[in-house]
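Descriptive structure summary
Now for the letters of each chain:
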Amino acid sequence: MPHKTVVGWSALIAGHAARGDAEGAWGLLERMRGAGVEPNVITWNGIVSGLNRSGRARDAVLTLVRMHAEGFLPDATGVSCALSAVGDVGDVSVGEQLHGCAVKAGCRVDACVATALIDMYGKCGRAGEIVRVFDESSHMDVASCNALIAGLSRNAQVSEALRLFREFVGRGVELNVVSWTSIVACCVQNGKDLEAVDIFREMQSEGIEPNSVTIPCVVPAFANVAALMHGRSAHCFSLRKGFVHDIYVGSSLVDMYAKCGKVRDARMIFDAMPSRNVVSWNAMIGGYAMHGEATNALELFHSMQSSKEKPDLVTFTCVLGACSQAGRTEEGRHYFNEMQDKHGISPRMEHYACMVTLLGRAGKLDDAYDVINQMPFEPDSCIWGSLLGSCRVHGNVVLAEIAAENLFQLEPENAGNYVLLSNIYASKKMWDGVNRVRDMMKNVGLKKEKGCSWIQIKDKVHMLLAGDSSHPMIAAITEKLKHLSIEMRRLGFAPSTDYVLHDVEEQEKDDILSVHSEKLAVALGLISTSQGTPIRVIKNLRICGDCHEAIKFISSFEEREIYVRDTNRFHHFKDGKCSCADYW
């Protein structure tokens, strides 16, 4: 070019920045000045924007600082690009200075700037500032609404996000697929699975078609509440739209089918995936582990390594979990050592928790306690909880008291720890200990956490709480349970009341055991579906021993397959037996 103007130089510099070549961009800037051409705001914007888009957010922020030092006041375009970079870096102090620059330059009211400010404050964990900036903005376009919902979600402000989303819908804001996907993801990430399912259905009724990002966002909600029919619908939709070949959609479907008890369907999808990443492998290995299929899990782990996919921290959590569920203690030790020696992965808290559970289940409680004492960091509640759970199974009061004492300090408001220790005392007829724990709970003002179970009947997901009588079919559910109780006793089955507090009358004990949430859900499934239809239930807590035995009986008496997924694993009840081989 015979005449190199600021436009040409700026375009060339921006091109280098967009490729992530910060050094090349800076070098060209010096050559530009050496040629007697001074950069302008557009030149600087090009560098900031290019570096930000290429993933070099910190370099983009440093460019902004240099730009300001050289006397240039960023315009709306520059501020928007810079705020995005600041959010990625997480430097809220620079973001606040940029906010001030936007006010001075009079571009705070610019729609792009307002959206960028909301996004930046959201990424920096300033939920209050998100709403304030949005309220001060005169714009309520789809971009700012999306940024607001995403920011609130990132900061666990799900109730506020839902409220504002409903307000946008009510005001007639033209929301798009990104808006709906964001609020669905917000609900799923913050434990509002039923709300996510409802919003997804509403989204479709509004004529907003899900995309390949929406599906992996909503599918975990279907898995979490056992909404297999909704999950199948999402699968069929993905097939029609060609999304199923997307690696993230495929991985989410693998995980969903495994968590809904359809591990064979999960494997079919896994095998059909044209490409897989570590998330895909982990979903399938974890699915096998959840179902107690250790052999399949370990075979797949070896196939993963043969395919040159490098296992990560989650992979080994799944592998150790599979060994733990199947009682394969020595293999678990082997993989725990291999993780460090062969793959160079330092164990985290969750891996030590798996080892404590693995050893505890095998009755090697002293070995489990040694592992805890040898950990390179302080054990958390998950570690002590694993030990306490194993002490319940094997009746080790001494270690149970040690584990419980640590849990009381780490989680003073978790009633489950007190109840578990009380149950251990009760099983040993140590009523003084039971009373002492009950007094501790009363003094702290704690009550046992209520169990909650979910079951899908046709296209509706039902949530049942332990002892709750608000379900519209509670009378029929109770009648079914009474009938089953009579048949159990007639055939010689008696519920175990060893873990129920000793000063409750026998009839009251039976009442307590009859209203566990998983029993209510199973009974609802029995009266709402035709004979032979499998029943699938999800529970928010670990299934108790009495319910485990009762559901084994029900599966035989009613000739039903019953699947119950608790916080520990999947239980497949059939013909009076459970797939967990009593490792509950």
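Each value, and the rule that gives it
Each chain carries its own residue numbering, running from 1 in the direction its sequence is written. Note on the predicted model: pLDDT of at least 70 is required for a residue's local features to be given, and 80 or more for side-chain atom pairs to be given and counted; whole-chain, interface and lining totals, by contrast, use all residues. Water and hydrogen atoms play no part in the side-chain values, which are based on all heavy atoms of the structure. A pair of strands is labelled paired if DSSP reports no fewer than 2 bridges between them. Secondary structure counts use DSSP, requiring at least four H or I residues in a row for a helix and at least two E residues in a row for a strand, with both numbered from the N terminus. Three labels apply to residues, based on accessible area from a 1.4 Å probe with only protein chains included: buried if under 20% of the type maximum, exposed if over 50%, partly exposed otherwise in between. Only buried residues count toward a nonpolar core. Its members are Ala, Val, Leu, Ile, Met, Phe, Trp, Tyr and Cys residues joined through side-chain atoms within 4.5 Å. Each domain span listed reflects an automatic or database assignment of domains. Contacts are assigned to residue pairs that have any heavy atoms within 4.5 Å of one another. One number per residue, pLDDT, summarises how confident the predictor is, and it ranges from 0 to 100.

Topic: the sheet that holds strand 2 (residues 460-465)
Taken in spatial order, the six strands of this open sheet run 2-1-3-4-5-6, and their pairing is mixed. Only two strands of the sheet have a single partner each, and these edge strands are strand 2 and strand 6 (577-578). Alignment of strand 3 (residues 535-539) against strand 4 (residues 562-565), held across four bridges, turns out to be parallel. Residue Val 537 lies in a different strand from strand 4, and its bridge partner there is Val 564.

As for unusual backbone geometry
Trans is the common state for peptide bonds, and a negative phi is the common state for residues other than glycine. Backbone geometry at Lys 308 places phi at a positive 75°, although glycine is not the residue there. You can see Lys 308 is positioned in the loop between helix 18 (294-306) and helix 19 (313-326). For Lys 308, a relative accessible area of 74% corresponds to the exposed category. Despite not being glycine, Glu 559 shows a phi value in the positive range, around 55°. When you line up the elements, Glu 559 lands in the loop between helix 30 (545-557) and strand 4.

What about the nonpolar core?
One finds Phe 168, Phe 222, Met 256 and Leu 387 to be the most contacted residues of the largest nonpolar core, which totals 157 residues. Counting the residues that make up this core, at least three belong to each of domain 1 (348-449) and domain 2 (452-578). Contacts of Phe 222, omitting those with residues within four sequence positions, involve Val 197, Phe 200, Ala 227, His 230, Gly 231, Ala 234, Met 256 and Cys 260.

Some points on the confidence of the model for the protein
Averaged over all residues, the pLDDT of the protein equals 88, while 95% of them reach at least 70. When pLDDT is averaged over each helix and strand of the protein, the minimum, 45, is found for helix 28 (residues 506-514) and the maximum, 96, for helix 16 (residues 263-272). Low pLDDT (under 50) marks residues 499-513, which in the prediction has 27 contacts with non-local residues, meaning those over four places away or in another chain.

A closer look at the pairing of strand 5 (residues 570-574)
Here strand 4 pairs with strand 5 via four bridges, running antiparallel. Directly across from Ile 562, in strand 5, lies its bridge partner Phe 573. Following strand 4, the chain reverses through four residues before pairing antiparallel with strand 5. The pairing of strand 5 with strand 6 spans two bridges and is classified as antiparallel. Each residue of the ladder has a partner; that of Phe 573, found in strand 6, is Cys 578.

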